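Letter by letter, the chains look like this.
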Amino acid sequence: MVVTPPSKLDPSPRPRGGAGGVAGRLGLALLLIMIVAAGAWGLAALDRKPVVQPKAEFPVPFQMVEPGSQVPDVAGQVPQAAPSDGQSSTVDPMDEWTRKVSEKTDIPRRALRAYALADLVMRAQAPSCRISWATLAGVGRVESHHGYINGAKLGDDGRATIPIIGIPLDGRPGVKAINDTDGGKLDGDPTWDRAVGPMQFIPTTWVKYAQRANGDGQDPDPQNIDDAALATARYLCSGQRDMGSSEGWWAAVWEYNNSTEYGQNVFSGADAYARASVTI
């Protein structure tokens, strides 16, 4: 409690016997109480845990690149995954690589592994395509923030915990009209098609390019990041494209979404991820 001091304009009261001494002792007691309280507050403040600020998201500057003029920077090389025999105690090079790149780029490790595995598969299936995991990550960033959009996230099995389903392609302004082609099997909509999964495939394109990434014999799943990333790579590499060339890279991305701004967005992410990875 703070007591307002008397105004200097008021006449000072005359002391009345011992009353002044009593008032002085009371004032001293109040002062001691305030000092003790302040000290206790200070100790409590020292004992509080510091506020931890959340880690800033990896910055991706938007690059207004002239379409067809260049390709994203060359990404760091993906290592081959170690064979899973259940007995090896050595560190899996793929796990170590995804850990380091994820720390640099903020790409979730589960998504990053899917992009990297698709990169490795395409080296074997279509080496002349020269697609990189960074371009796949650029697409995944724009389409669903690597599977972490609208409350969804990726489980250990690679599936989105909440199905990622786009708006109905019903011909509204700025939206192409595509009548249902799959009976709602993939998107749950028997009237209109919708883009599905972390890489946002429409059903007709999914059916054409989907491949089960782990080879377990099950049907490819657009909600699974491994299957979706591999389908994206196969789609971008279709038509014998060379994504190592500026012409081939832009043609592929425009095939995915025919928009210059979209291509610049994918380019920006791919370039930023690639540059961050080469320092590892």
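Parameters at a glance
Residues numbered from 1 in each chain as written. Predicted model: local features only at pLDDT ≥ 70, side-chain atom pairs only at ≥ 80, totals over all residues. Heavy atoms only, no water. Helix = DSSP H or I, 4+ residues; strand = E, 2+ residues; numbered from the N terminus. Buried < 20%, exposed > 50% of the residue type's maximum accessible area, 1.4 Å probe, protein only. Contact = heavy atoms within 4.5 Å. Phe/Tyr/Trp six-rings, centres within 6.5 Å; stacked < 30°, edge-to-face > 60°. Salt bridge = Lys/Arg side-chain N within 4 Å of Asp/Glu carboxyl O. Axes fitted to C-alpha atoms, helices over the stretch in contact; angles between N-to-C directions. Parallel < 35°, antiparallel > 145°, perpendicular 65-115°, else oblique. Left-handed = near helix turned anticlockwise from the far one by under 90°. Nonpolar A, V, L, I, M, F, W, Y, C, P; charged D, E, K, R; others polar. Expected span 1.5 Å × (residues − 1). Polar contact = N/O pair within 3.5 Å; in protein donor to acceptor, adjacent residues only side chain to side chain. Core = buried A, V, L, I, M, F, W, Y, C linked by side-chain atoms within 4.5 Å. pLDDT = per-residue confidence, 0-100.

Trainee: Can you walk me through the overall build of the protein in this structure?
Mentor: When helices and strands are tallied, the protein shows eight helices and zero strands. The N-to-C order of helical and strand elements in the protein reads α-α-α-α-α-α-α-α. In the protein, buried positions account for 39% of the 280 residues. When contacts within the protein are restricted to residue pairs at least 6 apart in sequence, long-range pairs at least 24 apart make up 59% of them.

Trainee: Any chance you could explain the packing of aromatic side chains here in plain terms?
Mentor: One pair of aromatic rings is described through two measures. These are the centre distance and the angle between the planes. Per the stated rule, a full pass over the model turns up 11 aromatic pairs. Each ring, one from F201 and one from Y235, has its centre 6.3 Å from the other, and the planes form 45°; the classification is tilted. Linking F201 in the loop between α4 (133-144) and α5 (203-209) with Y235 in helix α6 (residues 225-236), this pair joins segments that are 34 residues apart in sequence. A residue is classified by how much of its surface remains accessible, and Y235, at 11% relative accessible area, is buried. Taking the centre distance of 5.5 Å and the plane angle of 40° together, the rings of Y235 and Y256 count as tilted.

Trainee: It is not clear to me how the pattern of salt bridges should be interpreted in this structure. Could you clarify?
Mentor: Charged atoms that come close allow side chains of opposite charge to pair. By the definition in use, this model includes 15 salt bridges. For R113, the salt bridge goes to D92, with nearest N and O atoms at 3.9 Å. Placement of the pair is R113 in helix α3 (residues 109-125) and D92 in the loop between α1 (19-47) and α2 (93-105), with a sequence separation of 21 residues. The class of R113 is partly exposed, set by a relative accessible area of 21%. With its nearest N and O atoms 4.0 Å apart, the salt bridge here joins E96 to K100.

Trainee: Please clarify how the packing of α2 against α3 should be interpreted in this entry.
Mentor: A pair of packed helices is captured by two measures, namely the crossing angle of their axes and the spacing between those axes. At their nearest, the axes of α2 and α3 sit 9 Å apart, and the two run at 125° to each other. Classified by the angle between their axes, α2 and α3 sit oblique to one another. Both α2 and α3 take part in a crossing whose hand is right-handed. Here α2 contributes M94, D95, W97, T98, R99, V101 and S102 to the contact with α3, which in turn contributes R109, L112, R113, A116, L117 and L120. Of the residues in the contact of α2 with α3, the class split is seven nonpolar, two polar and four charged.

Trainee: Could you clarify how one ought to interpret α6 in this entry?
Mentor: Along an α-helix, a turn takes 3.6 residues, which lines up residues three or four apart on a common side. With 12 residues, α6 extends 16 Å between its outermost C-alpha atoms, agreeing within 8% with the 16 Å of an ideal straight helix rising 1.5 Å per residue. Listed as buried for α6 are I225, D226, D227, A228, A229, L230, A231, T232, A233, Y235 and L236. Those residues of α6 that are buried lie in contact with α3, α4, α5 and α7 (246-256). By the N-cap criterion, in which a side-chain oxygen at the helix start approaches the backbone nitrogen of a residue two or three places on, α6 is capped by N224, the distance to D226 being 2.8 Å.

Trainee: Please clarify how the nonpolar core should be interpreted in this entry.
Mentor: Nonpolar side chains tend to gather and get buried jointly when the protein is soluble and globular. Core analysis: the largest hydrophobic core is formed by 52 residues, its most contacted members being W97, I107, Y115, I131, W133, M199 and Y256. When residues of this core are traced back to their parent elements, those giving at least two are α2, α3, α4, α5, α6, α7 and α8 (260-277). Not counting chain neighbours up to four residues away, the residues in contact with W97 comprise G76, Q77, V78, P79, L112, A116 and W133.

Trainee: What is the right way to read the packing of α3 against α6 from this model?
Mentor: One way to put it is that α3 packs onto α6 with a least axis distance of 8 Å and a crossing angle of 40°. Classified by the interaxial angle, the pair formed by α3 and α6 is oblique. Judged by the twist between their axes, the crossing of α3 over α6 is right-handed. Contacts between α3 and α6 involve R110, A111, A114, Y115, A118, V121, M122 and Q125 from the former and I225, D226, A229, L230, A233 and R234 from the latter.

Trainee: Explain the confidence of the model for the protein to me, please; I cannot follow it from the model alone.
Mentor: The predicted coordinates should not be examined in detail at positions where pLDDT is low. Residues at a pLDDT of 70 or more form 78% of the protein, whose mean pLDDT is 84. Segment residues 1-20: pLDDT under 50, and one contact once partners within four positions in sequence are set aside and those in other chains are kept. Across residues 35-55, confidence stays below pLDDT 50; counting only partners more than four residues off in sequence or on other chains, it has three contacts.

Trainee: How should I be thinking about unusual backbone geometry in this particular structure?
Mentor: It is generally the case that most residues other than glycine have a negative phi and that most peptide bonds are trans. The phi dihedral of H145 is positive, around 50°, even though this residue is not glycine. Along the chain, the position of H145 falls in the loop between α4 and α5. We note that Q200 has phi near 55°; this positive angle belongs to a residue other than glycine.

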